[in-house]
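Coordinate inspection notes
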Amino acid sequence: MEKIKIQYLNENIEKLCYIDGKSDWIDLRAAEEVKLKVGEFHLIHLGVAMQLPEGYEAYIVPRSSTFKHFGIIQTNHMGVIDEMYCGPEDWWKVPVYAMRDTVIHVNDRIFQFRLMKHQAVISFEECQLKSKNRKGFGSTGIR
């Protein structure tokens, strides 16, 4: 089991934990009250700074209910934090854009993350591909 050193913004931030039996992603919560009007951008503070294990990075994405409950989208679509972003002021934040007026409260679960090992070193071999074509984007149908 990997151990992660973590610093919380303050004692009002709920501690991170797994939701047993449901997912191996870990929920991230808002560390500030955020009121957004449609079309506004904000960098939401997530209330944590971490020292990830060497060779790992964290992927941050919205929870499946984030848009439904809050009407926000993550502007970079997926955040990546590597192990070099590990200082006491390297707070995790997420850039969002409001698609409707919304209010996000402290400790609302809005995003989630998981740790992934860095990609192995790869090389590219130039050639003519001979595999069967799938016939383009969206070719598997809808049913």
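Above this text you will find the structure in question.
Read on for a plain summary of the structure. (Residues numbered from 1 in each chain as written. Predicted model: local features only at pLDDT ≥ 70, side-chain atom pairs only at ≥ 80, totals over all residues. Heavy atoms only, no water.)

Looking now at the sheet that holds strand β2 (residues 26-29). By definition, the strands of a sheet pair up through backbone hydrogen bonds, in either a parallel or an antiparallel sense. The strand order across the open sheet built from 4 strands is β2-β11-β6-β8, with neighbouring strands paired in antiparallel fashion. Each of the sheet's edge strands pairs with one partner strand only, and the pair in question is β2 and β8 (79-82). Averaged over neighbouring strand pairs, the angle between their axes works out to 30° when direction is ignored. When strand β6 (residues 56-62) meets strand β11 (residues 109-117), the two strands line up antiparallel, connected through 7 bridges. Bridge pairing links E57 to M116 in β11. (Pairing = 2+ DSSP bridges. Helix = DSSP H or I, 4+ residues; strand = E, 2+ residues; numbered from the N terminus. Axes fitted to C-alpha atoms, helices over the stretch in contact; angles between N-to-C directions.)

Let us now look at the pattern of salt bridges. Throughout the structure, instances matching the rule amount to 4 salt bridges. Two residues, E14 and R29, come together in a salt bridge whose shortest N-O distance is 3.4 Å. Placement of E14 in the loop between β1 (5-8) and β2 and of R29 in strand β2 is noted, with a sequence separation of 15 residues between them. Overall, E14 belongs to the partly exposed group, its relative accessible area being 39%. The exposure class of R29 is buried, given its relative accessible area of 18%. Close ionic contact of D27 with R63 constitutes a salt bridge, the shortest N to O distance being 3.1 Å. Of the two residues, D27 sits in strand β2 while R63 sits in the loop between β6 and α1 (66-70), which places them 36 residues apart along the sequence. Look at the salt bridges and you will find they share partners, linking D27, R63 and R109 into a network. (Salt bridge = Lys/Arg side-chain N within 4 Å of Asp/Glu carboxyl O. Buried < 20%, exposed > 50% of the residue type's maximum accessible area, 1.4 Å probe, protein only.)

The next point concerns the sheet that holds strand β7 (residues 72-74). Ordered in space as β4-β9-β7, the 3 strands form an open sheet in which the pairing is antiparallel. Two strands in the sheet have a free side with no partner beyond their single neighbour: β4 (41-45) and β7. In this sheet, neighbouring strand axes are inclined to one another by 40° on average, regardless of whether the strands run parallel or antiparallel. Here β7 runs beside strand β9 (residues 93-98); their pairing, made up of 3 bridges, is antiparallel. Bridging from a neighbouring strand, I73 pairs with Y97 of β9.

Its relative accessible area of 19% is what places R63 among the buried residues. Among residues more than four places away in sequence, those in contact with R63 are D27, R109, I110, F111 and Q112. (Contact = heavy atoms within 4.5 Å.)

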